[in-house]
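Okay, here's what each chain looks like letter by letter:
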Amino acid sequence: MTSSTPHAAAGASDAEAAEGRVYTVSGEDWDEIVAAANEAGDFESGERIVVNMGPQHPSTHGVLRLVLTLEGETVVEVRPAIGYLHTGIEKNMEYRTWTQGVTFCTRADYLMPIFNETAYCLAVERLLGIEDRIPERARIIRVLMLELNRITSHLGGIAPMGLELGATTIYTQGARLRERGLDLLELITGLRMNHAFIRPGGVAQDLPLGGLEALRAFLDTTPKLVHDLRTLIDANPVFIGRNSGIAYLDLPSCMALGVTGPMLRATGLPWDLRKSQPYCGYETYDFDVPVAHTCDAYGRYLVRMGEVDQSLRIIRQCVDRLASRGPADSVMIRDAKIGWPAQLSLGPDGLGPSSEHIAHIMGQSMEALIHHFKLITEGFRVPAGQAYAAIESPRGELGAHVVSDGGTRPYRVHLRDPSFTHLQSVAAMCEGGFVADLIPAIASIDPVMGGVDR
Amino acid sequence: MSGPEETPKAGPEDTGGSGTPQRPKPPAADVAAAEADGDLPARLGRARLDAPVVRRGMFGVQGTPDTSGYGLLSVYEARPIESTRPYGSYFDEVADALGSALEATGIGFSDAIERVVADRGELTFYVPRERLPEVAAKLRDDPALRFELCSGVSGVHYPEDTGRELHAVYHMLSITHNRRVRLEVSAPAADPHVPSLVGVYPTCNWHERETWDFFGIIFDGHPALTRIEMPDDWKGHPQRKDYPLGGIPVEYRGAKIPPPEDRRHYS
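Predicted model only: the values in this text are computed from it and were never measured. (Residues numbered from 1 in each chain as written. Chains lettered and ligands numbered in written order. Predicted model: local features only at pLDDT ≥ 70, side-chain atom pairs only at ≥ 80, totals over all residues.)

**Quick look at the interface of chain A and chain B**
For step 1, the next point in the chain: Facing 52 residues of chain A, the contacting portion of chain B comprises 41 residues.
For step 2, the next point in the chain: Elements that contribute at least two residues to the side of chain A that touches chain B include exactly α3 (89-93), α5 (113-128), α10 (251-257), α14 (355-363), β8 (385-393), β9 (396-404), β10 (412-416) and α16 (418-423) of chain A.
For step 3, the next point in the chain: Taken together, the residues of the side of chain A that touches chain B break down into 17 nonpolar, 21 polar and 14 charged. (Contact = placed C-beta atoms within 7 Å. Helix = DSSP H or I, 4+ residues; strand = E, 2+ residues; numbered from the N terminus. Nonpolar A, V, L, I, M, F, W, Y, C, P; charged D, E, K, R; others polar.)

Right under this line is the structure:
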């Protein structure tokens, strides 16, 4: 649809909207637009076209809006606009207890919920001063869940990367593989996403019956499927043609723009917080940090795929450790003032306090009932202060800045989300390139708008 | 009713009549170790009892007769901490390097750093706002410091901290030395200006826009300080503590449940 009379776009004043000619694009009418622009002589006069890509565009990874200034097919200027998925997670957390905060922050970057929870819980645990008291079994399960989530997150980035280039097989194969990881997350936590599984002091519950067997079955079959996926993509001439040399961002640019994660490692710097500033006991696991030296979208793909292999390695070590330790250990800190909910179990009607715990508080101990009530309604108090816990998420450094005033609720929680930071680099990577290269460039950042907007 | 009466059993069969609780016992060693420490985290903080009382009572309810007994509870002020040397860990080294780097340009350490806090394994420099860009540039460029990466800025609003209501907190990371440091600046709500760090760390661009959007801190020198998360025509700064949440009481079976900020609370 074209219109010769300019009409005001939402939010723009009449004067602004009247500047230049306005074409309203409604899909599959590009020929009409080009014809109308030709007729009006826009191309001959060197006019630039401003295109609003998004926020509802299939290849912008959610509700990302890109304001593009085009000269022919060349991107002269690109300005990402965000905020369409802002849900006030940080503000909401200030009105819930410390434990309930997990339920909110898990929803920030919805492709890596376990990472959001872990970053927040590590910061709360540092404020409480209980970092050394987390039971070993809980730490192993945390690492296990983090790496499972890293696999599903990376596949959730790589599969749409193919789809956006028109390669539906990459998407279907990648999504099927990702589903296997999600099945395991569901088996262990009960949910495919928004788990609220990592809690201050440990994890919500132990692995279910048959959990280790399911993990072993996953480990037996998945490496071959990952290998199959790599044979499909790695040397694919079309995939390489669309990604190699695209979205170039070198090390100094990464430093200036605060870019971390696979984008940084694709410049050749093996910076991984799991190695350099270990948490949850990562220093005791045997794994490598994959790097690439191309600084481009293809290098980022290779780094992500390499990390999937390394995550499988770590999961194997976790399973071996869990199997050798036996199920007797606790998965929650042995401090009854913090460990909530310490006695969860899966009953026929879902997850809830174990029948032993119910029998104890309802039939045996008045004090235990009072304590249970206080812990559930009031929560625990966290000494005043602030902490910043950073972990290596699939997208880069995920930091949780948590401030306490000594009360039962967080005074302030800020999630330093890697997607938010990395989206700033779109202009540096894409200006001067073709508009078609913008799609693999965005895909190589792997931004998730839930984390960007929070 | 006639007939022989059943004698009630002494208790559930599985207790064996002993009356002892049948909860699964945690491994004794764990509990013993925790008790021996004597400082389980929830019992820490006796020192806070010496601090002034900022509020009495519970649930945020004021001015009504206390029938619960919770009115006697006191909430103590969290005193600002100030660390003295040695700070421990690599913190002394960082402070020394920063001091000499500042002195090379004629700025005294105490001019540029109001307060140093080494708490819970993290180092914080409190910087007067006019000195922020200089300190950040030194942190980035000095070979002994080399904090190449800034993790952005996070705002915090302390409405009770008169004259220092708005805080901006920066987290720096040195990949060269594998260290972290935090900078904190404050500005009064009446004059919410802080110099922008975009010139030193370009990554602060969006982070400062976000902090302006949510807290109303104006970063002087920012190339385009506009709202980023909220709509452009939004009024107010939602993450401030005094920002009305705009909730409406929800009626449920005749009772009104107030919006979150008016509900009873414990903290």
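Having seen the structure, we can now continue with the description.
**A short note on the confidence of the model for chain A**
For step 1, the next point in the chain: Summary statistics for chain A give a mean pLDDT of 86 and a share of 92% for residues scoring 70 or more.
For step 2, the next point in the chain: Scored below 50 in pLDDT, residues 1-15 of chain A shows 19 contacts in the model against residues more than four places distant or in partner chains. (pLDDT = per-residue confidence, 0-100.)

**Concerning the sheet that holds β10 of chain A**
Residue and element names in this part refer to chain A.
For step 1, the next point in the chain: Strand order across the open sheet formed by three strands is β8-β9-β10, with antiparallel pairing between neighbours. In the strand order of this sheet, the two ends are held by β8 and β10, each with one partner. Across the sheet, the mean angle from the axis of one strand to that of its neighbour is 15°, orientation sign disregarded.
For step 2, the next point in the chain: Pairing between β8 and β9: nine bridges, direction antiparallel. The partner of Y388 across the bridge, within β9, is H401.
For step 3, the next point in the chain: Where α5 meets the sheet, its contacts fall on β8, β9 and β10, and the angle it forms with β8 comes to roughly 145°. (Pairing = 2+ DSSP bridges. Axes fitted to C-alpha atoms, helices over the stretch in contact; angles between N-to-C directions.)

**Some thoughts on the pairing of β10 of chain A**
Residues and elements named next belong to chain A.
For step 1, the next point in the chain: Burial of β10 is extensive: five of the five residues sit out of reach of the surface.
For step 2, the next point in the chain: Along β10, one buried face is formed by R412, H414 and R416 and the opposite face, lined by V413 and L415, is buried too.
For step 3, the next point in the chain: Pairing analysis gives five bridges linking β9 to β10, with the strands arranged antiparallel. Note that in β10 the partner of A400 across the bridge is L415. (Buried ≥ 20, exposed ≤ 12 C-beta atoms within 10 Å, placed from the backbone.)

**Some points on the sheet that holds strand β7 (residues 179-187) of chain B**
Residues and elements named next belong to chain B.
For step 1, the next point in the chain: Taking strand neighbours across the sheet as the criterion, the five strands line up as β3-β4-β7-β6-β5 in an open arrangement whose pairing is mixed. Looking at which strands have only one partner, the edges of the open sheet turn out to be β3 (115-119) and β5 (149-157). Shown here is a sheet whose adjacent strand axes are inclined to one another by a mean of 20°, direction ignored.

**Quick word on the nonpolar core**
The tendency in soluble globular proteins is for nonpolar side chains to be buried side by side.
Residue and element names in this part refer to chain A.
For step 1, the next point in the chain: Of all hydrophobic cores here, the largest spans 166 residues; its most connected members are Y120 and A123.
For step 2, the next point in the chain: If you tally residues by element for this core, the top one is helix α6 (residues 136-164), at 13 residues.
For step 3, the next point in the chain: When near neighbours in sequence (up to four residues on either side) are disregarded, Y120 contacts G101, V102, C105, A400, V402 and V413. (Core = buried A, V, L, I, M, F, W, Y, C linked by C-beta atoms within 7 Å.)

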